[in-house]
Protein chains: 2
Amino acid sequence: MITKRVPSETIGRLFRYFRSLSCLLREGEEIVSSKTLAEVCHIKPATVRKDLSYFGEFGTRGVGYDAASLVNKIKKIIKLDKQINVALVGIGNIGRALLKHSAFELEGFKIVMAFDNNPSKIGDTVGNVIIEDAANIRERIESSGIHLVILAVPDYATSKVAKVLQLAGAKSILSFSPCGLSMPADIQVTCIDLSVEMARLVYNSCVDYREKV
Amino acid sequence: MITKRVPSETIGRLFRYFRSLSCLLREGEEIVSSKTLAEVCHIKPATVRKDLSYFGEFGTRGVGYDAASLVNKIKKIIKLDKQINVALVGIGNIGRALLKHSAFELEGFKIVMAFDNNPSKIGDTVGNVIIEDAANIRERIESSGIHLVILAVPDYATSKVAKVLQLAGAKSILSFSPCGLSMPADIQVTCIDLSVEMARLVYNSCVDYREKV
DNA sequence: CCTACATTGTGATTGTGTTCACATTCACAT
DNA sequence: ATGTGAATGTGAACACAATCACAATGTAGG
Ligand SMILES: NC(=O)c1ccc[n+]([C@@H]2O[C@H](COP(=O)([O-])OP(=O)(O)OC[C@H]3O[C@@H](n4cnc5c(N)ncnc54)[C@H](O)[C@@H]3O)[C@@H](O)[C@H]2O)c1
Ligand SMILES: NC(=O)c1ccc[n+]([C@@H]2O[C@H](COP(=O)([O-])OP(=O)(O)OC[C@H]3O[C@@H](n4cnc5c(N)ncnc54)[C@H](O)[C@@H]3O)[C@@H](O)[C@H]2O)c1
């Protein structure tokens, strides 16, 4: 039960277990083994067991894990037992796509606020959310129970908006701009940089090709 | 010059160096040190030097790196000295956002084909690209010099389309669906799973909070 | 030509995450 | 109640990546 140091990759995998288990449950599975879960997630059984072992003993030796109870345990661990409230800043190409993505809600994330600074967008409804004036970000986020802010503003605006979020007491930020955010250590930041991922893919496909020739 | 084993993170960072150097060049810098480059990228100087050292000796001791020539060397290394041709499958929320993102071209990636299977979308132009019938994916990709395919189709269609891409000889795939792709080892696959990233952020912000209390 | 200085390039070290392999434990049949 | 089979839980080994710390090597100035 005592919290050792948990690899950060483990948390990501726990979420994937959660997703896969929900799916297996829907298909009527009641008991799952680390082997089954590993196959579904394309990883090794030992990884599944070790990941879970950081948080306790959830299985029955010789049998496996009770899918229904495991999924609840995992939800608790990764704090997804309550709905996660998300705020979105920047309703452009990416922001709009996110607002229309209904699957987030099934996974426990709900975009409850959206902001933009373009007057012609403020007041519009996208998905089920009304776009608010970015000028109000601070007071709106400060007061409400927002767990996570998604940043989808243009590169040049990113660090300026990030500073406002900091003042508003945001706890974690997911940004789509090629990073450059320097935030205090108590604010979690993740940047999704598609170009970096593409560059890696291109390089790897060239190199692997070479190795075979 | 001999290729040792290069960490996969190194390639991603090389791309970021490439991006930062281009920017520094535009600002008139001619010489950059590992220290400067590290500061811009928010990493440590030793990391910069080690990353570069996998591929040769590009700097001058006591001085630093010539920005212009380094950026060209890096481009060669990560195969971004020629334009990378990208095909996009699935022109929904995400696909549309990608097509409108003009910055890709500045970084060396060009979306040259787009596919969808929805008859009402086929023939439309988004960005500068005409949406083609997904039925033609195989022949179209087979013949042209596509380096990378981006998959932005609904979850249920993902593995079906992936199989077609395999037959078409695609070398690497970037998918936005929560994975589940099992491809032969010679096809590079990366999945971007926003929910996983969000889950990690939420968990970390909760745990860090606890540690401080 | 030699010295002072700055910064690179890298072997050694540390840190982190994955995988192995097996002792442990449980359900069930006999 | 006891043995058998099956899958867990985990310390130890391994693999990989980040960082350190310093020798190597360049420039510039006298
Ligand atoms: N679109 C893509 O496919 C794509 C791909 C990779 C990276 N990105 C990155 O994602 C980010 C967003 O991209 P996009 O294509 O959605 O941009 P976009 O220009 O379409 O949308 C940005 C939105 O932010 C709003 N905005 C600007 N300044 C603001 C401010 N200070 N406060 C609040 N809102 C503000 C604008 O009004 C606009 O609606 C960029 O950093 C971009 O580099 C986008
Ligand atoms: N939109 C988001 O913000 C978001 C966020 C996270 C993950 N995702 C994932 O990204 C993927 C795409 O999401 P989206 O919101 O863009 O979906 P979408 O439904 O808006 O678009 C999917 C497009 O693919 C087309 N399509 C369907 N089957 C096809 C086929 N066999 N061949 C070619 N085209 C086909 C559809 O006609 C549609 O245009 C999904 O897997 C989704 O889970 C999306």
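Residues numbered from 1 in each chain as written. Chains lettered and ligands numbered in written order. Predicted model: local features only at pLDDT ≥ 70, side-chain atom pairs only at ≥ 80, totals over all residues. Heavy atoms only, no water.

Focus: the domain arrangement of chain A
Here is step 1: Taken domain by domain, chain A consists of domain 1 (8-77) and domain 2 (84-196).
Here is step 2: For domain 1 of chain A versus domain 2 of chain A, the distance between C-alpha centres works out to 31 Å. (Domains from an automatic or database assignment.)

Quick word on the protein's contact with DNA strand C
Here is step 1: Neighbouring residues of DNA strand C: 27 residues in total, closest A:Arg13, A:Arg61, B:Ser34, B:Arg49 and B:Tyr65.
Here is step 2: The sugar-phosphate share of atoms of DNA strand C within 4 Å of the protein amounts to 65%.
Here is step 3: In this structure, a base oxygen belonging to DNA strand C sits 3.4 Å away from a side-chain N or O atom of B:Lys50.
Here is step 4: For DNA strand C, a sugar or linking oxygen lies 3.3 Å from a polar atom in the side chain of B:Glu57.
Here is step 5: Going through the elements one at a time, α1 (8-26) and α3 (45-53) of chain A together with α3 (45-53) of chain B are the ones with two or more residues in the surface near DNA strand C.
Here is step 6: Among the elements that take part in the surface near DNA strand C, α3(A) stands out by supplying four residues, more than any other.
Here is step 7: Per-class residue counts for the surface near DNA strand C are seven nonpolar, ten polar and ten charged. (Near = heavy atom within 4 Å. Polar contact = N/O pair within 3.5 Å; in protein donor to acceptor, adjacent residues only side chain to side chain. Helix = DSSP H or I, 4+ residues; strand = E, 2+ residues; numbered from the N terminus. Nonpolar A, V, L, I, M, F, W, Y, C, P; charged D, E, K, R; others polar.)

Quick word on the sheet that holds strand β7 (residues 148-151) of chain B
All names here are of chain B.
Here is step 1: Read from one edge of the open sheet, seven strands run β5-β6-β4-β3-β7-β8-β9, paired in mixed fashion. Either end of the sheet is taken by a strand with one partner, and the two such strands are β5 (125-126) and β9 (188-191).
Here is step 2: Examined bridge by bridge, β7 and strand β8 (residues 172-175) share three bridges and lie parallel to one another. Across the sheet, residue Ile150 finds its bridge partner in β8, namely Leu174.
Here is step 3: On top of the sheet, helix α8 (residues 155-167) reaches β3 (84-89), β7 and β8; it is set at about 165 degrees to β7, its chief contact. (Pairing = 2+ DSSP bridges. Contact = heavy atoms within 4.5 Å. Axes fitted to C-alpha atoms, helices over the stretch in contact; angles between N-to-C directions.)

Focus on the protein's contact with DNA strand D
Here is step 1: Close to DNA strand D lie 27 residues; A:Ser34, A:Arg49, A:Arg61, A:Tyr65 and B:Arg61 are nearest.
Here is step 2: For DNA strand D, the backbone portion of the atoms within 4 Å of the protein, that is sugar and phosphate, comes to 66%.
Here is step 3: Between DNA strand D and the protein, one listed contact pairs a phosphate oxygen with a backbone N or O atom of A:Gly59 at 3.0 Å.
Here is step 4: For DNA strand D, a base nitrogen lies 2.8 Å from a polar atom in the side chain of B:Arg61.
Here is step 5: Residue assignment for the surface near DNA strand D shows that the elements contributing at least two residues are α3 of chain A together with α1 (8-26) and α3 of chain B.

Remarks on the sheet that holds strand β5 (residues 125-126) of chain A
Residues and elements named next belong to chain A.
Here is step 1: On the basis of which strands lie adjacent, the open sheet formed by seven strands has the order β5-β6-β4-β3-β7-β8-β9 and mixed pairing. Looking at the sheet topology across the chains shown, the edges are occupied by β5 and β9 (188-191).
Here is step 2: Of the pairings in the sheet, the one linking strand β3 (residues 84-89) to strand β7 (residues 148-151) comprises four bridges and is parallel in character. The residue bridging Leu88 from the neighbouring strand is Ile150, located in β7.

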